[in-house]
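So you can see what is in the structure, the chains are spelled out below.
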Amino acid sequence: MERREVRGHYEELAAEYDEHWVYGPDYIPWMSGQIAETLRLSSADRIADIGSGTGLFAREVVKQLQPRHPILCVDPSEAMLRQLGTPPPDLAPIVASAEDIAEGRAALPYEQLDAMWLKESVHHVTDQAGTLRGLAERLAPGGRLLVVMLPATIQYPLFQAALDRFEELQPDPADIQAHLSAAGLEAGLTHVEHELRIDRDKYFGMVRARYMSLLSTFTDSEVEKGIEEMQAAHPEPVLVFPDRFAFVLGWRRGEGA
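Notes on the structure follow. Quantities reported herein were computed from a predicted structural model and do not represent experimental measurements.

### Focus: the nonpolar core
Soluble globular proteins tend to bury their nonpolar side chains together. Core analysis: the biggest nonpolar cluster contains 52 residues, and W117, Y203, V207 and M212 have the highest contact counts within it. Looking at which element gives the most residues to this core, the answer is helix α3 (residues 27-39), with 7 residues. In contact with Y203, not counting residues within four places along its chain, are Y156, P157, L158, I198, Y211, M230, L239 and F241.

Rendered as structure tokens:
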């Protein structure tokens, strides 16, 4: 998808974004905890959530961490960041893209960052190698950069054309690890998994609302046809499926690494 299309997708979805992404009461705390643990976050860290959207995960990390410095919520969509409302003093919204941060086009309150994460946004970055290199350069000695992404294939109860298109568009986590290594970081790749249980009709509604950006590459009639396919394949009232993530972590050598 072109950047204009992606940005427009999130502008339209902003008001109901949290409703679609809060799969259940334990999902956001679980994912936020995984991010905090993998990044080894401390309350003294200067932290940025790159591609934060509405700040779903940053808000939860704040609850868990109680940081001394505001977590930067960086997103190119003003509409998404407006969902923060009046942000508390421990969250700081910044309208900018990952590329803006990497290329120094956006002013940040911190000269260097101790930790940053990109949660399911790296596939929107055109020059992934260059952007990750630029983000790595913003890290302090001992700083960590985490890319959270879906694997190359997923087991979601989507229609087949959507699953096929996902595989066409999704980067390989191993390539992201290689980009972090090329940027001068020590890099590792692990996987985590969380079981999702979602009401069938709710999930179909999420698909209609195009909760995943790849669904915006389909017309309304194609989505409806896809939902018919999903209805035939999944008559059960509650859909149960694994949500598996690749955690690609890069860290800069130095004190605290």
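### Quick look at the packing of aromatic side chains
Summed over the entire model, instances satisfying the criterion amount to 7 aromatic pairs. Where Y27 meets F57, the ring centres are 6.4 Å apart and the plane angle is 75°; that geometry is what we call edge-to-face. Of this pair, Y27 sits in helix α3 while F57 sits in helix α4 (residues 56-65); the two residues are 30 residues apart in sequence, bridging distant segments of the chain. In this pair, the class of Y27 matches that of F57, namely buried.

### A word on the pattern of salt bridges
If you walk through the whole model with that rule in mind, you get 12 salt bridges. R208 is the salt-bridge partner of E224, the closest N and O atoms lying 2.8 Å from each other. Here E224 is found in helix α11 (residues 220-233), whereas its partner R208 is found in helix α10 (residues 200-208), with 16 residues between them in sequence. For R208, a relative accessible area of 40% puts it in the partly exposed group. As a salt-bridge pair, D220 and R210 come within 2.9 Å of each other at their nearest N and O atoms. Taken together, the residues D220 in helix α11 and R210 in the loop between α10 and α11 connect sequence positions 10 residues apart. Note on D220: relative accessible area 55%, which makes it exposed. Residue R210 is classed as buried on the basis of its relative accessible area, which comes to 15%. Overlapping salt bridges bring together D100, E103 and R105 as one network.

### A short note on the packing of α3 against α4
Any two packed helices are characterised by the angle at which their axes cross and by the distance between the axes. Contact geometry for α3 and α4: axes closest at 9 Å, N-to-C directions at 70°. By the criterion of interaxial angle, the relationship of α3 to α4 is roughly perpendicular. On α4, the residues touching Y27, I28, P29, M31, S32, G33 and A36 of α3 are L56, F57, E60, V61 and Q64. Per-class residue counts for the contact of α3 with α4 are 8 nonpolar, 3 polar and 1 charged.

### A word on unusual backbone geometry
A positive phi angle, close to 50°, is found at R40, a residue other than glycine. Locating R40 in the fold gives a position in the loop between α3 and β1 (47-50). Judged by its relative accessible area of 43%, R40 is partly exposed. A positive phi angle, close to 60°, is found at R210, a residue other than glycine.

### Some details on the pairing of strand β7 (residues 238-251)
Pairing geometry for strand β5 (residues 139-149) and β7, over 6 bridges, is antiparallel. What sits directly across from M149, in β7, is A246. As paired strands, strand β6 (residues 186-199) and β7 are joined by 14 bridges and run antiparallel to one another. By the bridge assignment for β7, A187 is matched with G250.

### Observations regarding the sheet that holds strand β3 (residues 91-95)
The strand order across the open sheet formed by 7 strands is β3-β2-β1-β4-β5-β7-β6, and the pairing between neighbours is mixed. Pairing within the sheet leaves two strands with one partner each, and these edge strands are β3 and β6. Between one strand axis and the next, the sheet turns through 20° on average, direction left out of account. Alignment of strand β4 (residues 113-119) against β5, held across 6 bridges, turns out to be parallel. Paired with L118 across the strands is V147, a residue of β5.

### Comments concerning the environment of E195
Relative to the helices and strands, E195 is located in strand β6. Along the sequence, E195 and P242 sit 47 residues apart, while their C-alpha atoms lie 4.6 Å from each other. Residues in contact with E195, not counting those within four places in the same chain, are V240 and F241. Among the polar contacts made by the side chain of E195, one reaches the side chain of R197 at a distance of 3.2 Å.

About the cut-offs
- Residue numbers run consecutively from 1 along every chain, following the written order of its sequence.
- With the structure being a predicted model, the display of local features is reserved for residues of pLDDT at least 70 and the display and counting of side-chain atom pairs for 80 or more, all residues being used for whole-chain, interface and lining totals.
- Side-chain metrics rest on all non-hydrogen atoms present in the structure, leaving aside hydrogens and water.
- Note on terminology: a nonpolar core comprises buried Ala, Val, Leu, Ile, Met, Phe, Trp, Tyr and Cys residues joined through side-chain atoms within 4.5 Å.
- Residue exposure (1.4 Å probe, protein chains only): buried if accessible area is under 20% of the type maximum, exposed if over 50%, otherwise partly exposed.
- A helix here means a DSSP run of H or I that spans at least four residues, while a strand means a run of E at least two residues long, and both kinds are numbered starting from the N terminus.
- Any two residues having at least one pair of non-hydrogen atoms within 4.5 Å are treated as being in contact.
- For this analysis, a ring pair means two rings from Phe, Tyr or Trp (six-membered ring only for Trp) whose centres lie within 6.5 Å, classed as stacked if their planes differ by under 30 degrees, edge-to-face if by over 60, and tilted for the remaining angles.
- By definition, a salt bridge exists where a carboxyl oxygen of Asp or Glu is found within 4 Å of a side-chain nitrogen of Lys or Arg.
- Between N-to-C directions, angles cover 0 to 180 degrees, with each direction set by a line fitted to C-alpha atoms, over the stretch in contact for helices.
- Here the word oblique covers every angle except those under 35 degrees (roughly parallel), over 145 (roughly antiparallel) and from 65 to 115 (roughly perpendicular).
- As a working rule, the residues Ala, Val, Leu, Ile, Met, Phe, Trp, Tyr, Cys and Pro are called nonpolar, Asp, Glu, Lys and Arg charged, and the rest polar, with Gly in that last group.
- DSSP-based pairing: two strands are paired if at least 2 bridges between them are found.
- Any N or O atom pair separated by 3.5 Å or less is treated as a polar contact, with the protein-specific requirement of one donor-capable and one acceptor-capable atom, and with residues adjacent in sequence counted only for side-chain atom pairs.

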